[in-house]
Amino acid sequence: MAQRRSFPLLEPEAYELVSRYGLPLPRYAFARDSQEACKAASEIGFPVVLKVVSPDIVHKSDVGGVRVGLNSACEVASAFDSMKLIGRTQKASIHGALVVEQAGQGVEVIIGGFRDEEFGPVVMFGSGGILVEITKDVTFGLAPVTRDEALRMILDTAAGSILKGVRGMAPADIEAAVQAIISASSLMAEEADVQEVDLNPVVIFESGCMVLDARILRTSISGALGPSDI
Ligand code: ADP
Ligand code: MG
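Only a predicted model underlies this, so the values are computations on that prediction, with no experimental measurement involved.

Trainee: Describe the coordination of the magnesium ion (ligand 2), listing the residues and the values that go with them.
Mentor: Taken together, the protein donors to the magnesium ion (ligand 2) comprise Asn200 (O) and Asp213 (OD), at separations of 2.1 to 2.2 Å. Linking Asn200 in strand E9 (residues 194–204) with Asp213 in the loop between strand E10 (209–211) and strand E11 (214–218), this pair joins segments that are 13 residues apart in sequence. Judged on exposure class, the residue Asn200 and its partner Asp213 are both buried.

Now the structure itself:
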């Protein structure tokens, strides 16, 4: 019997898929060398974030693969060079780097999805960042969710209380978070070969939101293969 295998999409491919479902992303460009990275940065506008693109690296910041607050072409070029070095130290194949608009302050949440053997596609919401593994502040809904279900998921979590505003902090855009959960749930419901979605963080602003990191596992890769090594 043929084995079903899951493949992680490269981050630029994952970005494309989530944006098809209406999830807002920062402006970004894929760069294969430092010159392309600098050109993209000046088009996007400083400061930018640089992220390593490699099929072998899952947690980019653990290996120095995310550099935030790059303020000049010079800083972008040297950050790009350090991404190439990661390939050597981690024995990872490096396709290049994403140059990404740097997002402002907001509340970081996680929106995810997976396929349950019994219940089918499921969408998840909770507190974002690395703390999610410790706080386990998450709720689940059967995909696709309605607006009311998405709102209930948010209000069931501590992340929801933070979004409502704590200690003089302005409240965040809960409606934007609702729409993001609905979009992620539609993606899970409609893309039958997507096994898992992990959007962590999604940052919720006073107005609007942005997906800052997208990891997607798919059973088959449709279309062209990702870019090759640099
Ligand atoms: P990974 O989870 O693979 O380590 P991320 O893409 O989530 O990498 O980046 C790590 C952290 O860097 C994020 O949790 C976020 O706090 C910050 N970050 C990532 N992208 C941006 C961005 N475009 N603007 C501002 N901060 C960012
Ligand atoms: Mg992340």
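Trainee: Got a sec to walk through the site of ligand 1? Specific residues and values, please.
Mentor: For ligand 1, the set of nearby residues contains 17 residues, the closest of which are Lys51, Lys60, Ser61, Ala103 and Glu108. The separation between an oxygen atom of ligand 1 and a polar side-chain atom of Lys60 is 2.9 Å. Residue Asp213 places a side-chain N or O atom 2.9 Å away from an oxygen atom belonging to ligand 1. Cavity membership is defined here by more than half of the atoms lying within 2 Å of grid points; on that basis ligand 1 lies in the largest pocket. Here the residues of the shell around ligand 1 sort into seven nonpolar, four polar and six charged.

Trainee: I'd like to hear about the state of the cysteines, residue by residue, with values.
Mentor: Enumeration according to the criterion identifies zero disulfides in this entry. No disulfide involves Cys38; its nearest neighbouring cysteine sulfur is the one of Cys74, lying 8.2 Å away. Cys38 sits in the buried class, given a relative accessible area of 16%. Under the relative-accessibility criterion, Cys74 is labelled exposed at 61%.

The rules behind these values
- Residues numbered from 1 in each chain as written.
- Chains lettered and ligands numbered in written order.
- Predicted model: local features only at pLDDT ≥ 70, side-chain atom pairs only at ≥ 80, totals over all residues.
- Heavy atoms only, no water.
- Donors = N, O, S within 2.8 Å, 3.2 Å for Na, K, Ca; no water.
- Helix = DSSP H or I, 4+ residues; strand = E, 2+ residues; numbered from the N terminus.
- Buried < 20%, exposed > 50% of the residue type's maximum accessible area, 1.4 Å probe, protein only.
- Near = heavy atom within 4 Å.
- Polar contact = N/O pair within 3.5 Å; in protein donor to acceptor, adjacent residues only side chain to side chain.
- 1 Å grid on protein atoms, 1.4 Å probe; cavity = no way out; pocket = protein on both sides within 12 Å on 5 of 7 lines; lining within 4 Å.
- Sits in = over half its atoms within 2 Å of the grid points.
- Nonpolar A, V, L, I, M, F, W, Y, C, P; charged D, E, K, R; others polar.
- Disulfide = S-S within 2.5 Å.

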